[in-house]
Amino acid sequence: MNQIGKLCLLTGVLLLASCGGEQGTGDSPEKITDEPLTQREAEAETTLQPVAEISIRATGGEELDSMTFDQDTIEVRAGTLVKLTFTNEGKDPKMIYNIVFTKEGYSAQVAQKGGKSGASGNYLPDSSLLLAASPLALPGQTVTMEFITPDTAGIFEYVNTYPSETPLMKGKLIVKE
């Protein structure tokens, strides 16, 4: 009887041990991909928030020195969610542009520092002067971005920070109450 009790006890322990382990894995193993992990930004509550859909183009033809933004001024209300579409109508492979929003009076400085940050920095300076920035747009490419304007009125500038032979492309963002 002593051996039967020990055998039952051993069987019970083995049975309990085999029931443990990972839960909820089922028959489908976890998929491993080569894609890097990316942090998703929390989406702002926009139910009652004003929204402005704006399109800006880098235009001017086939010569680098003739390229410019098609709008030199944008006006929006404070606290507005801006949904911006930026189209690069350049033809030459050197015509790579972005649009970067910065504090007024700092567009030349931001463009210079952006050029120095290089490709690894996406040609954007690490700066508290930035309000928002688009990805780089290759010739013929359209990129989109969203940002929320400050809650107070003010004047900001936008500029291309990709280094090129193009004269400084810039404009003004006017935030109204």
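Residues numbered from 1 in each chain as written. Predicted model: local features only at pLDDT ≥ 70, side-chain atom pairs only at ≥ 80, totals over all residues. Heavy atoms only, no water.

By the secondary structure assignment, Glu-177 is in the segment after strand S9 (170-176). Through-space distance from the C-alpha of Glu-177 to that of Ala-78 is 5.4 Å; in sequence the pair is 99 residues apart. Excluding residues that lie within four positions of it along the chain, Glu-177 makes contacts with Arg-77, Asp-151, Thr-152 and Ala-153. (Helix = DSSP H or I, 4+ residues; strand = E, 2+ residues; numbered from the N terminus. Contact = heavy atoms within 4.5 Å.)

If you walk through the whole model with that rule in mind, you get 5 aromatic pairs. Taking 5.4 Å as the distance between ring centres and 65° as the angle between the ring planes, the aromatic pair formed by Phe-69 and Tyr-158 counts as edge-to-face. Here Tyr-158 lies in strand S8 (residues 154-159) and Phe-69 lies in strand S2 (residues 68-69), a separation of 89 residues in the sequence. An identical accessibility class is assigned to Phe-69 and Tyr-158; each is buried. Ring centres of Tyr-123 and Tyr-162 lie 4.7 Å apart, and the angle between their planes is 70°; on these two criteria the pair is classed as edge-to-face. On the criterion of sequence distance, the pair formed by Tyr-123 in the loop between helix H2 (107-117) and strand S6 (130-133) and Tyr-162 in the loop between S8 and S9 is long-range, its members being 39 residues apart. Each member of the pair, Tyr-123 together with Tyr-162, is buried. The rings of Phe-69, Phe-86, Phe-101, Phe-147 and Tyr-158 are connected pair by pair, giving a single aromatic cluster. (Phe/Tyr/Trp six-rings, centres within 6.5 Å; stacked < 30°, edge-to-face > 60°. Buried < 20%, exposed > 50% of the residue type's maximum accessible area, 1.4 Å probe, protein only.)

Along the chain, the position of Leu-131 falls in strand S6. What makes Leu-131 partly exposed here is its relative accessible area of 28%. With 29 residues separating them along the chain, Leu-131 and Thr-102 place their C-alpha atoms 5.3 Å apart. Not counting the four nearest positions on each side in its chain, Leu-131 is found in contact with Phe-101, Thr-102, Phe-147, Ile-148, Pro-150, Phe-156 and Leu-173.

For Asn-122, which is not glycine, the phi dihedral falls at a positive 55°. Overall, Asn-122 belongs to the partly exposed group, its relative accessible area being 30%. Residue Tyr-123 is not a glycine yet carries a positive backbone phi of 60°.

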